Amino acid sequence: MARIGVIGAGYVGLTTAACFAELGHDVVCADVDEGRVRALRRAEVAVLEPGLTALVERGLATGRLRFVRGNRDALAGRDFVFLCVPTPTGGDGAADLSAVHAVLGEGHLLSPDSVLVLKSTVPPGTADTVADVVDVPVVSNPEFLREGHAVEDFLRPQRIVVGGPAARRVSALYRAEGVPVVVTSTVGAELVKYASNCFLAVKLSYVNSLAELCEQVGADVEDVTAAMGLDDRIGTAFLAPGPGWGGSCLPKDTRALLAAAERAGVDFPLLGAAISTNDHQPHRVVAKLRDVVGPLEGARIALLGLAFKAGTNDLRDSPALAVADLLAAEGADLVAYDPGVLAAAGLRVVESAQDAARGARALLVLTEWPEFAELDWPSLAQDMSDPVIVDTRNLVPPDKVVEAGFRLVGTGRRNP
Ligand code: UGA
């Protein structure tokens, strides 16, 4: 059992804290937000993350997990301190490290025999500069937690990456038998994180452009990607086209790596192209909708999905919101439904797909919630003025919606 401090109770910090407590460690988790800390002490978890509330409840009940406001108790007297603070996009696209620096300002509170672990995603070279300002070993240990699968990804990781002195001691905390542990330099570990997320982003932008090409030449993107995926070197994951990639990680990390490459004097056009391809996606969705519905001024459009992906209530950098903004700018009358989202600034959010569809000119599927594949199509069609579905995720069953009287426009395939 180790004494662990976790700084930051966002989805990464909270998952880290709750899972380490579950693994038997004694954990103090700190956050600057008083309201969040009070809620967490009552086991109220704001993020939609399967299994996390149960782990927080168990940690609180066993006394192995405590929440504190302010960093003191999570820094002092701990064997390992995990930094899980946000590193958002700064002015020039580079990661803004001010939250990291704020914590380092209290670095003197660290016990001399403790280890400081950087879990926040930080540009290559950050751990080395941090090591210059604190008197304890600094280890880089990036996270690979997908939102909506964070607990599962933490407790059953595909790999543990650790860089720097005391790396083995840090990897042992995970008690993950049989999981590959990659011990590297701190800068290597920092880069693994960016390189992985950026590779996924490049893969997705490739597929989204491929889908556009399929539409033009009359091929079906699902046939093409299914066949591509059978090649082990390519794999089937992350080949589904959509309205663009979003969330709190991929957009931020692609920009940050591009900025880091520029600073290092390295030309990385592939990454810039992946970003601009993605920036173009919401425009493509709106153009497609305009093609079927006509002028969007005053047109009632039902948005199905607001979150950046299914299984989360996270709206950060959601392509669905980018599409909504463009539609609003064209004067469309928007009504949205998302099973995980009750409210979104500037949007009318209703409680069911049926409510959203009432009087709408088109249903626009933006997030891949499984329930959107199983709606009551005849009833929805009946409530709409002109039953049209534009499906950016190829989620709805073509046969059923066509049978119910819908005109369907999918992504990267011929329309039925
Ligand atoms: C991503 C990475 O997948 C995690 O490994 C990483 O740990 C995390 O960022 C992070 O840096 O913390 P996440 O942001 O939760 O996880 O989202 P993803 O599941 O990667 O999805 C990203 C976007 O790609 C979403 O908008 C999703 O809808 C889109 N996507 C994904 C597609 O459009 N098609 C696909 O086939 C897969």
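What to know about the site of the ligand
Link 1 in the chain: Taken together, 22 residues are adjacent to the ligand, and E143, E147, K193, N197 and A240 come closest.
Link 2 in the chain: Within the contact set of the ligand, a nitrogen atom lies 2.8 Å away from a backbone nitrogen or oxygen of A240.
Link 3 in the chain: At 3.0 Å, a backbone N or O of F308 approaches an oxygen atom of the ligand.
Link 4 in the chain: Considering the ligand on its own, with 720 Å² of exposed area, one finds that the protein chains cover 92% of that surface.
Link 5 in the chain: Mapped by element, the contributors of at least two residues to the shell around the ligand are helix 9 (186-217) and helix 11 (250-263).
Link 6 in the chain: In terms of residue class, the shell around the ligand is made up of twelve nonpolar, three polar and seven charged.
Link 7 in the chain: Each of domain 1 (3-182) and domain 2 (185-416) contributes no fewer than three residues to the shell around the ligand.

Focus on the domain arrangement of the chain
Link 1 in the chain: Domain boundaries assigned for the chain yield domain 1 (3-182) and domain 2 (185-416).
Link 2 in the chain: Each of domain 1 and domain 2 has a C-alpha centre, and the two are 31 Å apart.
Link 3 in the chain: Across the boundary between the two partners, domain 1 contributes 33 residues, which contact 28 residues of domain 2.
Link 4 in the chain: The largest per-residue losses of area from domain 1 upon contact with domain 2 belong to L48, P124 and E147, which jointly make up 28% of the total buried on that side.

A closer look at empty space enclosed by the protein
Summary: where empty space remains is shown by rolling a probe the size of a single water molecule over the atoms.
Link 1 in the chain: Counted under the stated rule, the structure contains two cavities of 30 Å³ or more.
Link 2 in the chain: One number sums up the size of the largest cavity: a volume of about 60 Å³.
Link 3 in the chain: If you go around the largest cavity, the residues you meet are G242, Q281, R284, V285, K288, V390, D391, T392, G410 and T411.
Link 4 in the chain: Listed by contribution, the elements that provide at least two residues to the lining of the largest cavity are helix 12 (269-293) and strand 13 (388-391).
Link 5 in the chain: In terms of residue count, helix 12 provides more of the lining of the largest cavity than any other element does, four residues in total.
Link 6 in the chain: Split into classes, the residues belonging to the lining of the largest cavity amount to two nonpolar, five polar and three charged.
Link 7 in the chain: Considering only enclosed or pocket space, the second largest cavity measures out at about 50 Å³ in volume.
Link 8 in the chain: Along the walls of the second largest cavity sit L118, S120, T121, V122, S140, P142, E190, K193 and Y194, which together make up its complete lining.

Comments concerning the nonpolar core
Link 1 in the chain: Counting 77 residues, the largest nonpolar core has I4, V56, F82 and L116 as the members making the most contacts within it.
Link 2 in the chain: Ranked by residues supplied to this core, first place goes to helix 1 (residues 11-22) with eight residues.
Link 3 in the chain: Both of domain 1 (3-182) and domain 2 (185-416) provide at least three residues apiece to this core.
Link 4 in the chain: Beyond its immediate chain neighbours, meaning those up to four positions away, V56 contacts L14, A18, L40, A43, V45, L65 and F67.
Link 5 in the chain: One finds V286, L296, A299 and I301 within the second-largest nonpolar core, a separate group that totals 27 residues.

Let's talk about the state of the cysteines
Link 1 in the chain: Counted by the stated rule, this structure contains zero disulfides.
Link 2 in the chain: For the unlinked cysteine C198, the closest cysteine sulfur is that of C249, found at 11 Å.
Link 3 in the chain: We classify C198 as buried; its relative accessible area is 3%.

What counts as what
- Residues numbered from 1 in each chain as written.
- Predicted model: local features only at pLDDT ≥ 70, side-chain atom pairs only at ≥ 80, totals over all residues.
- Heavy atoms only, no water.
- Near = heavy atom within 4 Å.
- Polar contact = N/O pair within 3.5 Å; in protein donor to acceptor, adjacent residues only side chain to side chain.
- Areas by Shrake-Rupley, 256 points an atom, 1.4 Å probe, with all protein chains shown as cover.
- Helix = DSSP H or I, 4+ residues; strand = E, 2+ residues; numbered from the N terminus.
- Nonpolar A, V, L, I, M, F, W, Y, C, P; charged D, E, K, R; others polar.
- Domains from an automatic or database assignment.
- Contact = heavy atoms within 4.5 Å.
- Buried area = accessible area lost by both parts, 1.4 Å probe.
- 1 Å grid on protein atoms, 1.4 Å probe; cavity = no way out; pocket = protein on both sides within 12 Å on 5 of 7 lines; lining within 4 Å.
- Points joined across faces, edges and corners; volume = space filled by probe spheres on them.
- Core = buried A, V, L, I, M, F, W, Y, C linked by side-chain atoms within 4.5 Å.
- Buried < 20%, exposed > 50% of the residue type's maximum accessible area, 1.4 Å probe, protein only.
- Disulfide = S-S within 2.5 Å.

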